[in-house]
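Residue-level listing of the chains:
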Amino acid sequence: MIHVKNRDIVVPGELIATGNFHVQLGAEKDGENIYSTVVGIVYIDQEKKYIKIVPLRGKYVPKVGDPVIGVIEELALKKAILDINSAHKGILDIRDVTMDRSAEINKVFSVGDIVYSKVNDISGSVSLYAKPPYGKLHGGRLINISSTKIPRVIGKKGSMISIIKKYTECKVYVGQNGTIWVKGKNEGEDLALKAIEIIDAESHTSGLTERITKFLEEKVI
Amino acid sequence: MTEVDLISHIERDYILNLAKKGEREDGRGFDEYRKLILQPGIIKKAEGSCLANLGETKVLAGIKVNKGEPFPDTPDQAVMTTNAELIPLASPLFESGPPKEDSIELARVVDRGIREAPALDMPSLVIKEGELVRVVFIDLHILDSDGNLFDASNRAAVTALRTTKIPVLDEEGNPTEDLMPLPMLKTPVSCTFAKIGENILVDPSQNEEKVLDARLTVTTEDNGYICAMQKGGDSQFTVDEITDCVKKSIKIGKEIRKTISDLIKKEGL
Amino acid sequence: MELIKDGIRIDGRKKDELRDIKIEVGVLKRADGSAYVEWGMNKVYVAVYGPRELFPRFLRRSDKAVLQCKYNMASFSVDDRKRPGPDRRSVEISKVTRGALEPVVLTENFPESVINVNIEVVQAEAGTRCAGITAASVALADAGIPMKDLVPSCAAGKVGSEIILDLCKEEDNFGESDLPIAMIPRTGGISLLQMDGLMTAEELEEALNLVKKGCKIIYEKQKEALRKRYKGDDHD
């Protein structure tokens, strides 16, 4: 038995369903009952019997393989410490930045640099990897949104991000941690950021791809 | 250490480049303040109060008035103290504990503007010379720290003072049922500037504060006198820059003073 | 002073009636999650930061996040100016607040980190710890921190020979006893329990029943405030 409607906004402690469902995310089982643990949007697949609640807010939870964009907060002897909008700092060892064995971290980076990297390992600390195509980002603009909304910025099979790139003629790097970097002409950058802001605000509504396309079309012409 | 007060090079360069073009991150002009919203009287437990919103910066000022002994060197003056708390609620960078440099500087800059103007008629708050005077506490509670705490605190404090009601005392110095406003002589208004590269802009946002080279707060009173100044930051100002900031402060001070007076009149406070 | 007469209390309420309660979510920009509660004359802000790295390092727990709660009162929040900074009362309230919230927060999801709950009472008049806990659990949810449930909280007490809900200032000062409670609605568990004054076992039972009714109403207000905040996104 299901106690909410598909795509409802639910809050912690809310009874979502009773019976045999798989919980993918954002909920927990207590006997037969399934309760929400976050403020989020509930998605129920009646046939496959699964429930997931996509949180609307929260810090980034690192996953191996995720691209992330972080800012260097501190340099140690052979490593850089990055803020990646998570419960823990990201650690970037010099060996994961360059092949050059004689390289020194403070020659490669300085505090305040923005680095595009990949999560390499999360056992113990969060270690990052930034050899090409990853690495330090130069110029452009940054925007931070809730990491939980990044899937909407990317879109199904990257559809949303392709649209943004196409209309704004910007390079766009998306960090799963909620930080997005865009680089292009000034107007293009402004427009790309505006589009991302709209996605952030309207992430839980349907027909978003069409609305963003329309918004960009109107602005570009 | 909990968090680092850091701005990335990309965000810093963006703000610096905008400033060179005469622009700001939030689209304001260099001489333009963020929106000011004042809500006086929201704390009924205090004799006076005001919540000031300057953009997203929120400061709540509360005024408490007690009775106490005057300082020995000023037996004919009331006592006034200003205290600011950068409570951990307001920013990921603030920690609890005794006041640190920043909150002490903030309290003292706000205090000086009010004391030197002078905003309060201190002699008239003496109950018995050398023995008993009114003690006015100005407590500044920072709720959301999003740039320019100086000016937000100043607006909250002076609006709270101007709307404070204290009991009238009888001949023995005991409080009666009747209330009176604090005897206010002036409304000091501070104006804070950030020097970013060669440019000077008012009311710095949180990001602008992180990139500024130097900061200047100028407080002026009703007759156009300067009553307090404070330079901050690691760089310097030229004399011309300072005189220019002072002129702007006088002009902005007039506007803000009018805003506060109009509000008090409109709300009948 | 007669605190209750013909079932009507000194402030006009019935025995089982709460004061007016208003909850807002997402009121502070800098915080990861925030809430504001007006409860009678009480005005309370809560900001949540984290989960984030905890310093000093030795405070870290390898099995869960540390929940740090700080309850503080503004010096102008009470009739007689309070000296700024923590006193013994606020340290104790911080501690019991942590105990009230800890059972619902899934701290095991964030080992080695800290979640900070900062409660600021800017106006106080009886029942600030309950208002603080009520606001704090909403602010935690707003910060996106996974939790088993929200935590509504309110007090019951004894005035004369009557058991009443949500004591006002006079009832708190001159009544027989005060019993602040926080409840976890999903399980019916009690995560805050303090009492001072005198009460029989039967009266305690009656008081707990009354609190349960009160918490149910507060719980609905908490949920409503959270939904309102996020439904509002639709119209941006």
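Data block above holds the structure.
Residues numbered from 1 in each chain as written. Chains lettered and ligands numbered in written order. Predicted model: local features only at pLDDT ≥ 70, side-chain atom pairs only at ≥ 80, totals over all residues.

### Description of the interface of chain C and chain B
Thought 1: Listed per partner, the contact involves 24 residues of chain C and 29 residues of chain B.
Thought 2: Those elements giving two or more residues to the side of chain C that touches chain B turn out to be strand 5 (42–53), strand 6 (66–73) and strand 7 (113–123) of chain C.
Thought 3: A per-element tally of the side of chain C that touches chain B places strand 7 of chain C first, with 5 residues.
Thought 4: Per-class residue counts for the side of chain C that touches chain B are 11 nonpolar, 6 polar and 7 charged. (Contact = placed C-beta atoms within 7 Å. Helix = DSSP H or I, 4+ residues; strand = E, 2+ residues; numbered from the N terminus. Nonpolar A, V, L, I, M, F, W, Y, C, P; charged D, E, K, R; others polar.)

### What about the packing of helix 2 (residues 128–142) of chain C against helix 4 (residues 201–231) of chain C?
All names here are of chain C.
Thought 1: Interaxial distance between helix 2 and helix 4 falls to 10 Å at its minimum, and their mutual angle equals 30°. One finds that helix 2 runs roughly parallel with respect to helix 4. By crossing handedness, the relation of helix 2 to helix 4 is classed as right-handed. For the pair formed by helix 2 and helix 4, the contact residues are Thr134, Ser137, Val138, Ala141 and Asp142 on the first element and Ile218, Gln222, Ala225 and Leu226 on the second. (Axes fitted to C-alpha atoms, helices over the stretch in contact; angles between N-to-C directions. Parallel < 35°, antiparallel > 145°, perpendicular 65-115°, else oblique. Left-handed = near helix turned anticlockwise from the far one by under 90°.)

### Description of the packing of helix 1 (residues 88–101) of chain C against helix 2 of chain C
A pair of packed helices can be characterised by two numbers: the angle between their axes and the separation between those axes.
Residues and elements named next belong to chain C.
Thought 1: Between helix 1 and helix 2, the shortest axis-to-axis distance is 10 Å and the interhelical angle comes to 45°. Between helix 1 and helix 2, the interaxial angle falls into the category oblique. The crossing of helix 1 and helix 2 is right-handed. Residue-level inspection shows Ile93, Thr97, Ala100 and Leu101 of helix 1 in contact with helix 2, the latter providing Arg129, Gly132, Ile133, Ala136, Ser137 and Leu140.
Thought 2: Residue classes in the contact of helix 1 with helix 2 are distributed as 6 nonpolar, 3 polar and 1 charged.

### Some points on the interface of chain A and chain B
Thought 1: Counting residues at the interface gives 10 residues for chain A, matched by 9 residues for chain B.
Thought 2: Of all elements in the fold, only strand 8 (67–75) and strand 14 (141–144) of chain A reach the threshold of two or more residues within the side of chain A that touches chain B.
Thought 3: Classifying every residue of the side of chain A that touches chain B gives 4 nonpolar, 3 polar and 3 charged.

### What about helix 1 (residues 9–20) of chain B?
Working note: α-helix, 3.6 residues per turn, so residues spaced by three or four point in the same direction.
Thought 1: Given a rise of 1.5 Å per residue, 12 residues ought to cover 16 Å, and the 16 Å separating the end C-alpha atoms of helix 1 of chain B matches this to within 8%.
Thought 2: Listed in full, the buried residues belonging to helix 1 of chain B are Ile10, Tyr14, Ile15 and Ala19 of chain B.
Thought 3: Structurally, helix 1 of chain B contributes buried residues whose contacts are with strand 11 (114–121), strand 13 (135–137) and strand 14 of chain A together with strand 9 (189–196), strand 10 (199–202) and helix 4 (206–211) of chain B.
Thought 4: Of the residues one or two after helix 1 of chain B, Gly22 of chain B is the one with positive phi, at around 80°. (Expected span 1.5 Å × (residues − 1). Buried ≥ 20, exposed ≤ 12 C-beta atoms within 10 Å, placed from the backbone.)

### Overview of the nonpolar core
Thought 1: Counting 202 residues, the largest nonpolar core has Ala156 of chain B together with Val46, Leu101, Ala135 and Leu140 of chain C as its most contacted members.
Thought 2: Excluding its chain neighbours within four sequence positions, the residues that come into contact with Ala135 of chain C are Ile23, Ala35, Tyr36, Val37, Val44 and Val46 of chain C. (Core = buried A, V, L, I, M, F, W, Y, C linked by C-beta atoms within 7 Å.)

### A closer look at unusual backbone geometry
Thought 1: Of the consecutive residues Ala117 of chain B and Pro118 of chain B, the connecting peptide bond is found in the cis state with omega at -15°.
Thought 2: Structurally, the position occupied by Pro118 of chain B is in the loop between helix 2 (101–116) and strand 5 (126–128).
Thought 3: Residues Phe55 of chain C and Pro56 of chain C are joined by a peptide bond in cis, for which omega reads -10°.
Thought 4: Locating Pro56 of chain C in the fold gives a position in the loop between strand 5 and strand 6.
Thought 5: In this model, Lys49 of chain A sits at a positive phi of 60°, which is unusual for a non-glycine residue.
Thought 6: You can see Lys49 of chain A is positioned in the loop between strand 6 (40–45) and strand 7 (50–55).

### Some details on the sheet that holds strand 2 (residues 15–18) of chain A
Residue and element names in this part refer to chain A.
Thought 1: The strand order across the open sheet built from 3 strands is 2-5-4, with neighbouring strands paired in antiparallel fashion. Edge positions in the open sheet fall to strand 2 and strand 4 (27–30), since each of these has one partner strand only. Going from strand to strand, the sheet's axes swing by 25° on average, the running direction of each strand aside.
Thought 2: Where strand 2 lies against strand 5 (residues 33–36), 3 bridges are found, and the strand directions are antiparallel. Residue Leu15 lies in a different strand from strand 5, and its bridge partner there is Tyr35. (Pairing = 2+ DSSP bridges.)

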